[in-house]
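Observations on the three-dimensional arrangement
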Amino acid sequence: MKIPVRIEAADEAAPAVEYRWDADTEILSAQVKHAAAGDGVAGSMELEGADGSWLILDLTAGRINGVEVAVWPDVQKRSSLSPPSSIENGRVSVPERTSRPAAQEVEIPVLAEADEAERVFHFKLSGANRSRTVRLASDLLLDIDGASNLVGLWMLNVPPFPAQS
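In strand S9 (residues 104-107), alternate side chains face the same way, and those of Gln104 and Val106 are buried while those of Glu105 and Glu107 on the opposite face are not. Relative to S9, strand S4 (residues 43-48) is paired through four bridges, and the arrangement is parallel. Each bridged residue has a counterpart across the sheet, and for methionine 45 the counterpart in S9 is glutamine 104.

Structure below.
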């Protein structure tokens, strides 16, 4: 399944992102701090990996305003992991023909990798190759293929998982 996105040029600074861990469920959520404006749909797109992993994209006015890692895939640790050096700033929207007003499930291969400190996570969606990386928010990046499909997601500067007491 392909996830088409629309990229528009953005002159303004990328919005901030706020990460939150739920220690009981191990859900990591990232909330984008922008005022979504537009005519697009609201709802969620649930990306389900074959291994049972779940990534949820929250949509408001057709724009991605949040990401949750609800069920973790096996994370491959890398001694170091850095996003691509060339990153575009842009406003990302999900076309209305793709999204639905309610929750939509999309089955797609998901591969997760992280640096040793688990401060940088990269989720590869499908087997497609990235052709460009677009900054959705200060610490959220999207990998987009040549046909404008979402093929990856970067979470940067993720806070450590809360210590268990």
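Within the structure shown, the criterion is met by eight salt bridges. Its salt-bridge partner being glutamate 8, residue arginine 91 comes within 3.7 Å of it at the nearest N-O pair. With a gap of 83 residues between them, arginine 91 in strand S8 (residues 88-93) and glutamate 8 in strand S1 (residues 6-9) connect regions that are remote in the sequence. A relative accessible area of 27% places arginine 91 in the partly exposed class. In this structure, arginine 78 and glutamate 113 form a salt bridge, with 2.8 Å as the shortest nitrogen-oxygen distance. Of this pair, arginine 78 sits in strand S7 (residues 75-78) while glutamate 113 is found in strand S10 (residues 110-115), placing the two residues 35 residues apart along the sequence. Arginine 78 gets classed as partly exposed once you look at its relative accessible area, which sits at 31%. Three or more residues are tied together by salt bridges with common partners; here these are Glu8, Glu12 and Arg91.

To continue, consider the environment of lysine 77. Position of lysine 77 among the secondary structure elements: in strand S7. What makes lysine 77 partly exposed here is its relative accessible area of 41%. Here glutamate 118 takes part through its side chain, which lies 3.3 Å from a polar atom of the side chain of lysine 77.

Before going further, it helps to spend a moment on the side chain of asparagine 149. Note on placement: asparagine 149 falls in the loop between strand S13 (140-144) and strand S14 (150-155). Here asparagine 149 falls in the buried class, since its relative accessible area comes to 7%. If sequence neighbours within four positions are ignored, asparagine 149 has contacts with Lys2, Ile3, Pro4, Asp143 and Ile144.

Time to look at the pairing of strand S5 (residues 54-60). On a regular strand, each side chain points to the face opposite its neighbour's, so the side chains alternate between the two faces of the sheet. A large share of S5 lies buried, amounting to five of its seven residues. Of the strand pairs in this sheet, S4 and S5 are connected by six bridges, and their pairing is antiparallel. Bridging across to S5, leucine 47 finds its partner in leucine 55. With antiparallel pairing between neighbouring strands as the criterion, S4 and S5 make up a hairpin whose turn holds five residues, including glycine 52 at a positive phi of roughly 95°. Of the pairings in the sheet, the one linking S5 to strand S6 (residues 63-71) comprises seven bridges and is antiparallel in character. Across the sheet, aspartate 58 pairs through a bridge with glycine 66, a residue of S6.

Analysis parameters
Residues numbered from 1 in each chain as written. Predicted model: local features only at pLDDT ≥ 70, side-chain atom pairs only at ≥ 80, totals over all residues. Heavy atoms only, no water. Buried < 20%, exposed > 50% of the residue type's maximum accessible area, 1.4 Å probe, protein only. Helix = DSSP H or I, 4+ residues; strand = E, 2+ residues; numbered from the N terminus. Pairing = 2+ DSSP bridges. Salt bridge = Lys/Arg side-chain N within 4 Å of Asp/Glu carboxyl O. Polar contact = N/O pair within 3.5 Å; in protein donor to acceptor, adjacent residues only side chain to side chain. Contact = heavy atoms within 4.5 Å.

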